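What follows is each chain in one-letter form.
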Amino acid sequence: KREGAEGDGRRRVVATMSGSPSSSSSSLSWGYFDRVRERHVKASSPPSDVYRVPAGDGAVDLRHLVVISPQLVGDGDTPYQAYVDLAGAALLALHHINNGGGSDAIPELTEIEERCGRTRFTADFIDSRISPIASSRALLKDVLRRHETQADSNEFVSKSGGDSAGSRAPVATAVIGAYRSVVSVPLATLGGVYVLPQFSLMSTSTSLDNRDNFPYFGRIIPSVAADAAVVVDYLDNVVDEHVTHFGVLHIKDEYGTTYAQAVDRAARAAGMSVTVASLPLRRDKDSDPEVRRAAVRKSISQLKSTGMRYFLGIFFYEDYEPVMIEALEQGIAGSGNFWVFSDSLFDLAHASFNTSMKNGRDLIEVSRGTALLTFTEAHVLEGEPRYDALLRHWSNAYITKGNHSLPKGRQHFNDKMRLAWGKVVPDKDQVEKLLRDYTFSDYPSTFSILTYNTVIAAAFAVCHAESKERDAHTGSISIGSN
């Protein structure tokens, strides 16, 4: 049935599909609702972001989430664990939402029937490539075109596992992502245009606080304004009570620029002054290295001219070596200087430099005694009941024990990543090798836990909006900016 009209002229469709409920699959199995979708939502079905379909002994209202996050780095030949584990966390959250599990980790999940009723979720994944252009193109050319009839858009047939011949590509109810603010901002703009809610995993730019510009954007983490306050307090009260001036070197993107602006405001409020220099964002892997070195040299020279000894670095790990080696050569890193780094350099916490490496001695010198402001590593929470419960769920889903076969959760993960990675790596054999070689972390990282929580929050928000709509008998779903 059709209910009301959206502001842009599109109509929301609640489609009720006929057919006999399947008794061959347990509702507790991984991928069960993907198979339900493929069985009942055909290419000829009317386009909708929600279908009422038979499942088990009754029916469910089936919705879909699209997760946009980094997956592969380089030329697509390396799964980066800190990112890929996020996909596992998202799938674990969906499994718990759909089946009412996980309440020992998230107590609110005991209310899943009350909150969501018959609503259940499927998901697919898009590799953001950490690129605002690639991600926006994927959203426009793939996700936002899925409402088209199958005759108009054959390339968007769903292939989420199992027999998918003739099934319609799932229309998204919401987007989960992105990771980087520079990617989330254009996605949030498009989401505002197309009334597509977006729930970010890690984007912390203060620009995204603007509800007028980004009415359908949400996140469960604070913006960089909170990080800035901590940095200033650290320099003012912990490092040296006489620090009155310090320099900031930031990457010139949404994250770095708004972080530096927030630091400047917090510093002025504390009676401190800041000199800010920016570092151009890397445009692509083939950019002229000499041009990049010249840009780094210029930024470091700007900070050197101030005569300061305290610095805050807001850039990414790929720039750590060239920036800090240049800073050492110009005399503002190493002995007599002090650097604090933002959470964008979280890889620094696990870096290992030795003298046999190129620039190894210099990297040891510039790194010794520096500080890193980042999230506490999740495994320090061991012994806390809810964390321990999540750890058990994680291990049961993804960690292969001994010579046993792959856990069901890992098999489901492979099905999803086979499709997502196949869009980046055309060689199917290479994709299979990447999947065989990939090993989950024994402990879910802080970022994985944030992803797990974000997916659950997004599902609850969708269910809440749907409940409000039913209560008010209105014609469209509206998810508020909170």
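The sections below set out a description of the structure shown in this document.

Definitions and cut-offs
All residue numbers here refer to positions counted from 1 along the written sequence of the relevant chain. Reporting in this predicted model follows two pLDDT cut-offs: at least 70 for local features of residues, and 80 or more for side-chain atom pairs to be given and counted; totals over whole chains, interfaces and linings ignore these cut-offs and use all residues. Values reported for side chains reflect all heavy atoms of the structure, with hydrogen atoms and water molecules removed beforehand. Secondary structure elements are defined from DSSP: runs of H or I of at least 4 residues count as helices, runs of E of at least 2 residues count as strands, and each element is numbered from the N terminus. Should any heavy atoms of two residues lie within 4.5 Å, those residues are counted as being in contact. The accessible surface values rely on the Shrake-Rupley method and a 1.4 Å probe; as for residues, cover is taken only from the protein chains in view. Strands pair, by our definition, only if DSSP identifies at least two bridges between them. What counts as an axis is a line fitted to C-alpha atoms, over the stretch in contact for a helix, and the angles between N-to-C directions run from 0 to 180 degrees. Here's how the labels work: a residue is buried when its accessible area is under 20% of the maximum for its type, exposed when over 50%, partly exposed in between, all with a 1.4 Å probe on protein chains only. We call a pair of cysteine sulfur atoms a disulfide whenever their separation is within 2.5 Å. By nonpolar core we mean a set of buried residues, namely Ala, Val, Leu, Ile, Met, Phe, Trp, Tyr and Cys, connected to one another through side-chain atoms within 4.5 Å. The pairing test for Phe, Tyr and Trp rings, Trp by its six-membered ring, is centres within 6.5 Å, and the orientation test on the planes gives stacked under 30 degrees, edge-to-face over 60, and tilted for anything in between. Only lysine NZ and arginine CZ atoms are considered, and such an atom sits over a ring when it is within 6 Å of the ring centre and within 35 degrees of the ring normal.

## Quick notes on the overall build of the chain
Then step 1. Of the regular secondary structure elements, the chain holds 14 helices and 15 strands.
Then step 2. Within the chain, contacts between residues separated by at least 24 positions form 71% of all contacts whose residues are at least 6 apart in sequence.
Then step 3. Summed over its atoms, the accessible surface of the chain is roughly 21,700 Å², and 49% of this surface lies on carbon and sulfur atoms.

## Some details on the sheet that holds strand S14 (residues 338–341)
Then step 1. The parallel open sheet is built from five strands, whose spatial order is S12-S11-S13-S14-S15. Whereas interior strands pair on both sides, the edge strands pair on one side only; in this sheet they are strand S12 (273–279) and strand S15 (371–372).
Then step 2. When strand S13 (residues 310–314) meets S14, the two strands line up parallel, connected through four bridges. Within S14, the position partnered with glycine 313 by the bridge is phenylalanine 341.
Then step 3. Contacting strand S11 (245–251), S12, S13 and S14, helix H8 (residues 289–304) crosses the sheet at an angle of about 175° to S12.

## Side note on the environment of valine 53
Then step 1. Here valine 53 is to be found in strand S3 (residues 50–55).
Then step 2. We classify valine 53 as buried; its relative accessible area is 1%.
Then step 3. Expressed as a C-alpha distance, the spacing of valine 53 and phenylalanine 33, which sit 20 residues apart in the sequence, is 9.9 Å.

## Observations regarding the state of the cysteines
Then step 1. Across all of its chains, the model carries one disulfide by this definition.
Then step 2. Disulfide pairing places cysteine 116 opposite cysteine 463 at an S-S distance of 2.1 Å. Every disulfide takes its handedness from the sign of the S-S torsion; for cysteine 116 and cysteine 463 that torsion is 105°, giving right-handed. Of this pair, cysteine 116 sits in helix H3 (residues 112–116) while cysteine 463 is found in helix H14 (residues 446–472), placing the two residues 347 residues apart along the sequence.
Then step 3. Look at cysteine 463 and you get buried, because its relative accessible area is 1%.

## What to know about unusual backbone geometry
Then step 1. Residue alanine 178 is reached from glycine 177 by a cis peptide bond, and omega for that bond is 5°.
Then step 2. Mapped onto the elements of the fold, alanine 178 is located in the loop between strand S8 (174–176) and helix H5 (181–194).
Then step 3. Positive phi, normally seen in glycine, also occurs at arginine 129, with a value near 55°.
Then step 4. Checked against the element boundaries, arginine 129 lands in the loop between strand S7 (119–127) and helix H4 (132–141).
Then step 5. One non-glycine residue, valine 195, adopts positive backbone phi at about 55°.
Then step 6. Here valine 195 lies in the loop between H5 and strand S9 (198–200).

## What to know about the nonpolar core
Then step 1. Counting 64 residues, the largest nonpolar core has Phe246, Phe315, Tyr320 and Trp339 as its most contacted members.
Then step 2. Among all residues touching phenylalanine 246, those that are not within four sequence positions of it are Val232, Leu235, Val263, Ala267, Met272, Ser273, Val274, Thr275, Met308 and Tyr310.
Then step 3. Counting 61 residues, the second-largest nonpolar core is a separate cluster that includes Leu65, Tyr83, Ala378 and Cys463.

## So, helix H1 (residues 32–40)
Then step 1. When you tally the buried positions in H1, you get seven out of nine residues, the bulk of the element.
Then step 2. In the core, the buried residues of H1 are packed alongside S3, strand S4 (58–69), helix H2 (81–99), S7 and helix H12 (408–422).

## Brief notes about the packing of aromatic side chains
Any pair of aromatic rings gets described here by the distance separating the centres and the angle formed by the planes.
Then step 1. A full pass over the atoms with the stated rule returns 23 aromatic pairs.
Then step 2. Ring geometry for tyrosine 438 and phenylalanine 440: centres 5.4 Å apart, planes at 80°, overall edge-to-face. Summarising the burial analysis for this pair, tyrosine 438 and phenylalanine 440 share the class buried.
Then step 3. Here a set of aromatic residues connected by ring pairs shows up, and it is made of Phe311, Phe315, Tyr317, Tyr320, Trp339, Phe341 and Phe353.
Then step 4. In this arrangement the basic side chain of arginine 115 is found over the ring face of phenylalanine 460, its NZ or CZ atom lying 4.1 Å from the centre.
Then step 5. Above the face of the phenylalanine 316 ring, arginine 180 is positioned so that its terminal group lies 4.0 Å from the ring centre.

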